[in-house]
Amino acid sequence: QDAAIIGSKSFTAVAINCAAKAGEWIKTKLGNYEKLDIKYSSTDLVTEVDKGSETLIKRLVLTHFPHHSFLGEEGVEPGPEASVRALESKLENEYLWIVDPIDGTTNFVHGFPFFVVSIALAYRGEVIVGVVYDPMKDELFLAEKGKGAYVHGKRMSVSGEDTLRTSLIATGFPADQQYALPLNMKGLQAVAPQVRNIRSGGSAALHMAYVAAGRLSGFWEIGLNSWDLAAGSLLIQESGGTVTDSLGQPYHLGVRNVVASNGKIHDEFVGALDKAEATL
Ligand code: 2AM
Ligand code: CA
Ligand code: CA
Ligand code: CA
């Protein structure tokens, strides 16, 4: 089956193949990674498995598409400024692969089974393919621009809730405990009393995929990077949902403060966060 997928050489097939291969390998390393390093701060972790996953994906992508550009989290210096600069320096390329080799590294390190491989392909700054793969549940979420979104071959659509009151909302607790976390907590304080309940799984990309699949009504988080959101943004758009920044402006690759939802609750959701001054 792999040979057939590689043979077809389509963007989507390569994205799926990369995510599946990396995900299967990551799963074998759960509970027995060898090296834990600290990046920007004591809460910002990386293992040799993050780096190995990125290397595997990068090699496969560039073997098939040697003229494409590649942006992976572990190829970028730690910290928000370097992340923004890395994206900007690569945006001029026609085809840009944007990859998070493990989204949810803290979970991976602790054996909490909620992490994914996230792979997006952007054409002239717009995401055209998005794949999020959860190796623990063997769930592959796929979207192609204009062609819908699928989980393991089944068409996805967002949930139907039309008020925050009936919504299940996810957020993250940012690793940046100086700036992003306090802002996110303000949002939490405003939103939590207005919704059915809050969840926080520790993988932004998987939260995005769950919004697309209708398992969550919405998700917001402060201080994310392009590789956390690129694939998930297309999943949600192609499932009928809405992705914006915290001011309600349409999603683009530079968005760091994301608000994503089924669309029906979006204005109320953005309004609740805004009232909490949870915006940067
Ligand atoms: P990661 O596991 O790929 O690092 C959870 O709140 C989300 O924040 C995850 O998607 C996680 O991605 C991301 N994250 C972790 N550390 C971060 C940091 N230092 N800066 C920005 N995002 C981070
Ligand atoms: Ca990380
Ligand atoms: Ca990430
Ligand atoms: Ca990561």
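Residues numbered from 1 in each chain as written. Chains lettered and ligands numbered in written order. Predicted model: local features only at pLDDT ≥ 70, side-chain atom pairs only at ≥ 80, totals over all residues. Heavy atoms only, no water.

- The name given to the chain in an unreviewed UniProt entry is Inositol-1-monophosphatase, with Paenibacillus radicis as the source organism.
- Among the UniProt annotations of the chain, the heading Sequence similarities (unreviewed entry) holds the following wording: "Belongs to the inositol monophosphatase superfamily."
- Of the chain, the UniProt comment under Cofactor (unreviewed entry) reads exactly: "Mg(2+)". (UniProt positions renumbered as here; feature names shortened; annotations may be inferred.)

Regarding the sheet that holds strand β9 (residues 154–155)
So, step 1. Spatial ordering of the open sheet is given by β3-β4-β5-β6-β7-β8-β9, a layout of seven strands whose pairing is mixed. Edge positions in the sheet fall to β3 (69–72) and β9, since each of these pairs with one other strand and no more.
So, step 2. The strands that helix α3 (residues 48–64) touches are β3, β4 (95–103) and β5 (116–123); relative to β4, the one it contacts most, it runs at about 155°. (Pairing = 2+ DSSP bridges. Helix = DSSP H or I, 4+ residues; strand = E, 2+ residues; numbered from the N terminus. Contact = heavy atoms within 4.5 Å. Axes fitted to C-alpha atoms, helices over the stretch in contact; angles between N-to-C directions.)

Brief notes about the domain arrangement of the chain
So, step 1. Parsing the chain into structural domains produces domain 1 (2–155) and domain 2 (164–275).
So, step 2. Across the boundary between the two partners, domain 1 contributes 45 residues, which contact 29 residues of domain 2.
So, step 3. Roughly 2600 Å² of surface becomes buried between domain 1 and domain 2 when both sides are summed, with 67% attributable to carbon and sulfur atoms.
So, step 4. In this structure, Arg215 engages Glu139 in a salt bridge whose closest nitrogen and oxygen atoms are separated by 2.7 Å.
So, step 5. Counting every contact that joins domain 1 to domain 2 gives nine residue pairs in polar contact (both at pLDDT 80 or more).
So, step 6. Mapped onto the side of domain 1 that touches domain 2, the elements with two or more residues apiece are α4 (80–90), β4, β5, β6 (126–134), β7 (139–144) and β8 (148–151).
So, step 7. Among the residues making up the side of domain 1 that touches domain 2, the classes are represented as 25 nonpolar, 10 polar and 10 charged. (Domains from an automatic or database assignment. Buried area = accessible area lost by both parts, 1.4 Å probe. Salt bridge = Lys/Arg side-chain N within 4 Å of Asp/Glu carboxyl O. Polar contact = N/O pair within 3.5 Å; in protein donor to acceptor, adjacent residues only side chain to side chain. Nonpolar A, V, L, I, M, F, W, Y, C, P; charged D, E, K, R; others polar.)

Side note on the coordination of the calcium ion (ligand 3)
So, step 1. For the calcium ion (ligand 3), every protein donor is listed as Asp100 (OD), Asp103 (OD) and Asp228 (OD), and the spread of their distances is 2.0 to 2.2 Å.
So, step 2. Separating the calcium ion (ligand 3) from the calcium ion (ligand 2) is a gap of 5.1 Å. Of the two residues, Asp100 sits in strand β4 while Asp228 sits in helix α8 (residues 226–238), which places them 128 residues apart along the sequence.
So, step 3. Exposure remark for Asp228: the relative accessible area of 8% places this residue in the buried category. (Donors = N, O, S within 2.8 Å, 3.2 Å for Na, K, Ca; no water. Buried < 20%, exposed > 50% of the residue type's maximum accessible area, 1.4 Å probe, protein only.)

What about unusual backbone geometry?
So, step 1. For Arg124, which is not glycine, the phi torsion reads 45° and is therefore positive.
So, step 2. Along the chain, Arg124 turns up in the loop between β5 and β6.
So, step 3. For Asp138, which is not glycine, the phi torsion reads 50° and is therefore positive.
So, step 4. Note that Asp138 resides in the loop between β6 and β7.
So, step 5. For Asp138, a relative accessible area of 40% gives the class partly exposed.

Quick notes on the coordination of the calcium ion (ligand 4)
So, step 1. Taken together, Glu73 (OE), Asp100 (OD) and Ile102 (O) make up the full set of protein donors to the calcium ion (ligand 4), lying 2.2 to 2.3 Å away.
So, step 2. When the donor residues of the calcium ion (ligand 4) are listed from N- to C-terminus, their spacing reads E-x26-D-x1-I.

Thoughts on the sheet that holds strand β10 (residues 168–171)
So, step 1. Read across the open sheet, the five strands follow the order β11-β10-β12-β14-β13; overall the sheet is mixed. Every other strand in the sheet has two partners, leaving β11 (197–199) and β13 (242–245) as the edge strands with one partner each. Strand-to-strand twist across the sheet, computed as the mean angle between neighbouring axes with direction ignored, equals 20°.
So, step 2. Judged from the four bridges that link them, β13 and strand β14 (residues 258–261) form a sheet pairing that is antiparallel. From the neighbouring strand, Thr244 faces β14, where its bridge partner is Val259.
So, step 3. Relative to the sheet, helix α7 (residues 204–212) contacts β10, β12 (218–221), β13 and β14, its axis offset from that of β12 by approximately 155°.
So, step 4. This element, helix α9 (residues 266–275), spans β10, β12, β13 and β14 of the sheet and lies at about 150° to β14.

Notes on the site of ligand 1
So, step 1. Taken together, 16 residues lie near ligand 1, and Ile102, Asp103, Gly104, Thr105 and Glu221 sit nearest.
So, step 2. Side-chain polar atom of Asp44 to a nitrogen atom of ligand 1: 3.3 Å apart, as the coordinates give it.
So, step 3. Contacts to ligand 1 include Ile102, whose backbone N or O atom sits 3.1 Å from an oxygen atom.
So, step 4. Ranked by residues supplied to the shell around ligand 1, first place goes to β4 with three residues.
So, step 5. Looking at which domains feed residues into the shell around ligand 1, each of domain 1 (2–155) and domain 2 (164–275) supplies at least three. (Near = heavy atom within 4 Å.)

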